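So the chains spell out like this:
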Amino acid sequence: MVSYSVAGQPFCTVLHPEYVRRVLVTDAERYGVWRAEEFGADFASEGVLMTEGDQWRRQRKALQPAFTLDRIRSYAEPMVDFAAETVEEWEDGDRVSLNRDFSALTLRILAKSLFDIDIDIDVAGEGRVVTEAARALNDRADARNLSAYLPIWVPTPANRRYGKRMSRFETLVDGLIDARRAADPEREDLLSLLLDVTNTGNTGDEGGARSGMTDREIRDQLITFLFAGHETTSLALTYAFHCLARYPGKRDRLREELDAELDSDPSVADLPRLTYTEKAVNETLRLYPPAYVIFRQANEDVELGGYEIPAGTRLTLPQFAIQTDERFFDDPDEFRPERWTAEFEADLPDYAHFPFGGGPRHCIGMRFASLELQLALATIARGTDLELLSDPDPDLRMSATLAPVDDIEARVRKR
Ligand code: HEM
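Calculation notes
- Residues numbered from 1 in each chain as written.
- Predicted model: local features only at pLDDT ≥ 70, side-chain atom pairs only at ≥ 80, totals over all residues.
- Heavy atoms only, no water.
- Pairing = 2+ DSSP bridges.
- Helix = DSSP H or I, 4+ residues; strand = E, 2+ residues; numbered from the N terminus.
- Contact = heavy atoms within 4.5 Å.
- Axes fitted to C-alpha atoms, helices over the stretch in contact; angles between N-to-C directions.
- Phe/Tyr/Trp six-rings, centres within 6.5 Å; stacked < 30°, edge-to-face > 60°.
- Buried < 20%, exposed > 50% of the residue type's maximum accessible area, 1.4 Å probe, protein only.
- Lys NZ or Arg CZ within 6 Å of the ring centre and 35° of its normal.
- Near = heavy atom within 4 Å.
- Polar contact = N/O pair within 3.5 Å; in protein donor to acceptor, adjacent residues only side chain to side chain.
- Nonpolar A, V, L, I, M, F, W, Y, C, P; charged D, E, K, R; others polar.
- 1 Å grid on protein atoms, 1.4 Å probe; cavity = no way out; pocket = protein on both sides within 12 Å on 5 of 7 lines; lining within 4 Å.
- Points joined across faces, edges and corners; volume = space filled by probe spheres on them.
- Salt bridge = Lys/Arg side-chain N within 4 Å of Asp/Glu carboxyl O.

Caption draft 1: Layout of the sheet that holds strand 5 (residues 293–298). With mixed pairing, the five strands of this open sheet are ordered in space as 1-2-8-5-3. Because the sheet does not close on itself, it has two edges, and the strands there are strand 1 (2–6) and strand 3 (31–32). The pairing of strand 1 with strand 2 (residues 9–13) spans five bridges and is antiparallel. In the sheet register, valine 6 faces strand 2, and the bridge partner there is glutamine 9. On top of the sheet, helix 1 (residues 17–26) reaches strand 3, strand 5 and strand 8 (314–318); it is set at about 120° to strand 8, its chief contact.

Caption draft 2: The arrangement of the packing of aromatic side chains in detail. One pass over the structure, following the stated rule, counts 15 aromatic pairs. Considering the side-chain rings of phenylalanine 11 and tryptophan 34, the 6.0 Å spacing of their centres and the 70° angle between planes classify their relative orientation as edge-to-face. Pair noted here: phenylalanine 11 is in strand 2 and tryptophan 34 is in the loop between strand 3 and helix 2 (53–63), with a separation of 23 residues, a long-range link. Exposure remark for tryptophan 34: the relative accessible area of 9% places this residue in the buried category. Ring plane angle 85° and centroid distance 5.4 Å describe the contact between tryptophan 340 and phenylalanine 344, whose orientation is recorded as edge-to-face. Taken individually, tryptophan 340 and phenylalanine 344 each receive the classification buried, so the pair is uniform in this respect. Among the aromatic residues, ring-to-ring pairing joins Tyr4, Phe11, Trp34 and Phe295 into one connected group. Sitting above the plane of the phenylalanine 329 ring, arginine 286 keeps its charged end 4.9 Å from the centroid.

Caption draft 3: How the structure looks around the site of the ligand. Not every one of the 27 residues close to the ligand is listed here, only the nearest: Trp56, Arg60, Arg296, Arg361 and Cys363. A distance of 2.8 Å separates an oxygen atom of the ligand from a polar side-chain atom of tryptophan 56. Between arginine 296 and the ligand, the recorded distance is 2.9 Å, taken from a side-chain N or O atom to an oxygen atom. Elements with a contribution of two residues or more to the shell around the ligand: helix 2, helix 5 (98–115), helix 9 (215–228), helix 10 (231–246), strand 5 and helix 15 (366–383). Residue composition of the shell around the ligand, grouped by class: 18 nonpolar, six polar and three charged.

Caption draft 4: Region of the structure containing empty space enclosed by the protein. Inspection of the entire model under this criterion finds two cavities of 30 Å³ or more. Considered as a void within the structure, the largest cavity measures approximately 70 Å³ in volume. Elements represented by at least two residues in the lining of the largest cavity include exactly helix 10, helix 11 (248–261) and strand 9 (384–388). Classifying every residue of the lining of the largest cavity gives five nonpolar, one polar and three charged. Considering the residues around the second largest cavity, the lining is formed by Ala236, Leu237, Ala240, Val281, Thr284, Leu373 and Leu377. Secondary structure elements with two or more residues in the lining of the second largest cavity: helix 10, helix 12 (275–287) and helix 15. Sort the elements by how many residues they give to the lining of the second largest cavity and helix 10 lands first, with three residues.

Caption draft 5: Just the layout of surface pockets, in detail. The computed volume of the second largest pocket comes to approximately 730 Å³. As for the second largest pocket, its lining consists of 31 residues, of which Asn99, Arg100, Asp101, Ser103 and Thr131 are closest to the centre. The set of elements that each furnish at least two residues to the lining of the second largest pocket consists of helix 4 (76–89), helix 5, helix 6 (126–141), helix 10 and strand 11 (402–404).

Caption draft 6: Main features of the pattern of salt bridges. Throughout the structure, instances matching the rule amount to 31 salt bridges. Notably, a salt bridge pairs arginine 57 with glutamate 29, separated by 3.9 Å at the nearest N-O pair. On the criterion of sequence distance, the pair formed by arginine 57 in helix 2 and glutamate 29 in the loop between helix 1 and strand 3 is long-range, its members being 28 residues apart. Its relative accessible area of 40% is what places arginine 57 among the partly exposed residues. Ionic pairing is found between arginine 30 and glutamate 300, a salt bridge with its closest N-O pair at 3.2 Å. Of this pair, arginine 30 sits in the loop between helix 1 and strand 3 while glutamate 300 sits in the loop between strand 5 and strand 6 (302–304), placing them 270 residues apart in sequence. On the basis of relative accessibility, which here comes to 28%, the residue arginine 30 falls in the partly exposed class. Salt bridges here are not isolated pairs; linked through shared partners, they connect Arg251, Asp252, Arg255 and Asp385.

Structure, rendered in structure tokens:
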């Protein structure tokens, strides 16, 4: 544990899995999340990522039905179809930007599965509004950038861009909600679930508690899911193909498995046999965790690891450090999917690998993301070889996500 202070504000960085478990799981009630305002931005502050207490519990419960195992499995088809389309759209010899193309891919998958929308990813399309807003959020939060330390109303270029792009994004989301309300609120996706919650929910008891969501909450859930659900998986896919291109032996091993086990694009039923594919995903999330640090704040005075942590202290739980710590991983900087044997996992301390967080606030999209990553990785790796054109050791920026500073580019070789 490391403690320090910035401008009088106490901070503490937690670097041991046991203390991560205490913060996220055992003593979860004693810690809160950092509010959006504390980052200097009003980002989806009524969405499930940012709310606390009863409001958070009510929202999480209302959203859960969209993430049951059966529901998640029903999303497999768009996951594979859109990944296959990406491969078809690439021509042999094309120079492509993996992060940009995968961002379009994961956004299409998310929009189709959770909101039943065929999002237009063309230059002037809706997809562009979302990816540009995500990029502006990353620019604003980039720790190398002055804007990260200034309130949102200070008119730095990054703040102005953020304001403009977020307002375009909010208009888009309002349009989606209006269109669904007017057309067909009865569908079975997350958007209908949210709207239905409002329409039929218990509209309040004496304490003012509502199981339904306000219009603001619905809008902020859409913003939260469109961001949290596409940017993270897009980065994971980018880093997976980056690692496979850097380590041709591992790529060949993956290819052998796919050739041996699949006659056509993969389905959910094939996944139990695609063990190396799953390990490659795990290993990518270890080395390049898209959500690279978890933020918490002590709600009260707490004891942690023998230290007294005063109320108000901000804690950071960095996956990128713990998941590459040689106390838990041999050759921690090497991409070695085969390390993920059953014995290794049994011996690994809980929370030495926690790309999706843990405890009551663990990632609600974890199973969605795992399924998407395995299916997309298998579909794309079956159809192509991607030769890395960018720096094998890319510069990364610690912004809202762990994103590459420059595009990660590759040459497509069709198989
Ligand atoms: C590789 C992909 C992903 C990674 C690495 C990831 C990581 C995380 C992490 C670490 C948290 C916990 C944050 C905290 O404790 O403060 C989280 C929360 C969350 N994630 Fe993900 N995520 C991924 C994909 C997704 C997807 C696909 C969705 C939606 C479909 C999603 C939606 C959310 C939401 C809504 C929360 C907030 C949960 C809450 O506070 O109750 N994520 N994610």
